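Remarks on the overall topology
Here is how the chains run, residue by residue.
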Amino acid sequence: MTLSFVNIFFLLVLLIAPLDLSFAKKCVFSQKYEVHVINKLPANSPKLRLHCASKDTEIGDQILPINGDLNWSFCESFLDTTLYFCHFWWGPKDKSFDVFDDPTYCVKNGKNPNVLKYCKWEVREDGFYLEQYNARTSTYYMEKLEQW
């Protein structure tokens, strides 16, 4: 009994489909980074709307609930030129800024190196805070980097 081309094709698909092709998920020539944007606004406040993107990747329009965490990961470009920005709307307020443009500090105005390769932002009533690491005391703290 000979197998037809169609049968061979489906047999190959069944054999290959369960394989873990994790090589495609890893950053080969650069580091993998994560960005987290967490809604820390007061309860019963207007909804937080945001839109995040890079030149090549559209995170899209989101409504982030209180304590919600919008996050994504990516491979830094070979030349360290990756840039992600977000535009935020909260009631009558709106603000746009870069949430990642520097692999060492998350953003160019960051103060301490990003040792964990993730950038954690908190949106608060008085502004936008980026998690920083104090190497002397081995502690993390939130520093306000942007105003509404």
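Residues numbered from 1 in each chain as written. Predicted model: local features only at pLDDT ≥ 70, side-chain atom pairs only at ≥ 80, totals over all residues. Heavy atoms only, no water.

Here is the rule we go by: UniProt positions are given in the numbering used here, feature names are shortened, and annotations may be inferred rather than shown by experiment.
Looking at an unreviewed UniProt entry, one finds the protein chain named S-protein homolog, with Solanum lycopersicum as its source organism. As its UniProt record puts it under Sequence similarities (unreviewed entry), the protein chain is described as follows: "Belongs to the plant self-incompatibility (S1) protein family." The annotation that UniProt attaches to the protein chain under Subcellular location (unreviewed entry) is "Secreted".

With respect to the layout of surface pockets
The condition that has to hold: We place a 1 Å grid over just the protein atoms. Points where a 1.4 Å probe fits but has no way out form a cavity, open points with protein on both sides within 12 Å along at least 5 of 7 lines form a pocket, and any residue with an atom within 4 Å of a point lines it. Grid points are joined across faces, edges and corners, and a volume is the space filled by probe spheres set on the points. Helix and strand definitions here come from DSSP, where helices need a minimum of 4 consecutive H or I residues and strands a minimum of 2 consecutive E residues; each element is numbered from the N-terminal end. Gly is put with the polar residues, along with every residue not named as nonpolar or charged; the nonpolar set is Ala, Val, Leu, Ile, Met, Phe, Trp, Tyr, Cys and Pro, and the charged set is Asp, Glu, Lys and Arg.
There is about 200 Å³ of room inside the largest pocket. Lining of the largest pocket is provided by 14 residues; of these, S54, D56, T57, T82 and Y84 occupy positions nearest its centre. By residue number, the principal contributor to the lining of the largest pocket is strand β4 (residues 69-75), which donates 4 residues. Broken down by class, the residue content of the lining of the largest pocket amounts to 6 nonpolar, 6 polar and 2 charged.

Things to note about empty space enclosed by the protein
All told, the structure shown has 1 cavity of 30 Å³ or more when counted by the stated rule. Taken as a whole, the largest cavity spans an internal volume of roughly 110 Å³. The leading source of residues in the lining of the largest cavity is strand β8 (residues 127-134), at 3 residues. The residue inventory of the lining of the largest cavity, partitioned by class, reads 8 nonpolar, 3 polar and 1 charged.

Section: the sheet that holds strand β6 (residues 93-100)
What counts is decided by this rule: Only strands joined by at least two bridges in the DSSP assignment are considered to pair. Axis definition: a line fitted to C-alpha atoms, limited for helices to the stretch in contact. Angles are taken between N-to-C directions and run from 0 to 180 degrees.
Reading across the sheet, the 4 strands line up as β3-β2-β5-β6 and stay open at both edges, with antiparallel pairing between neighbours. For this open sheet the edge positions go to β3 (58-64) and β6, each flanked by a neighbour on one side alone. Each neighbouring strand pair of the sheet contributes to a mean axis angle of 15 degrees, computed without reference to strand direction. Two elements, strand β5 (residues 84-90) and β6, share 7 bridges in a ladder whose sense is antiparallel. In the strand pairing of β6, C86 is matched with F97.

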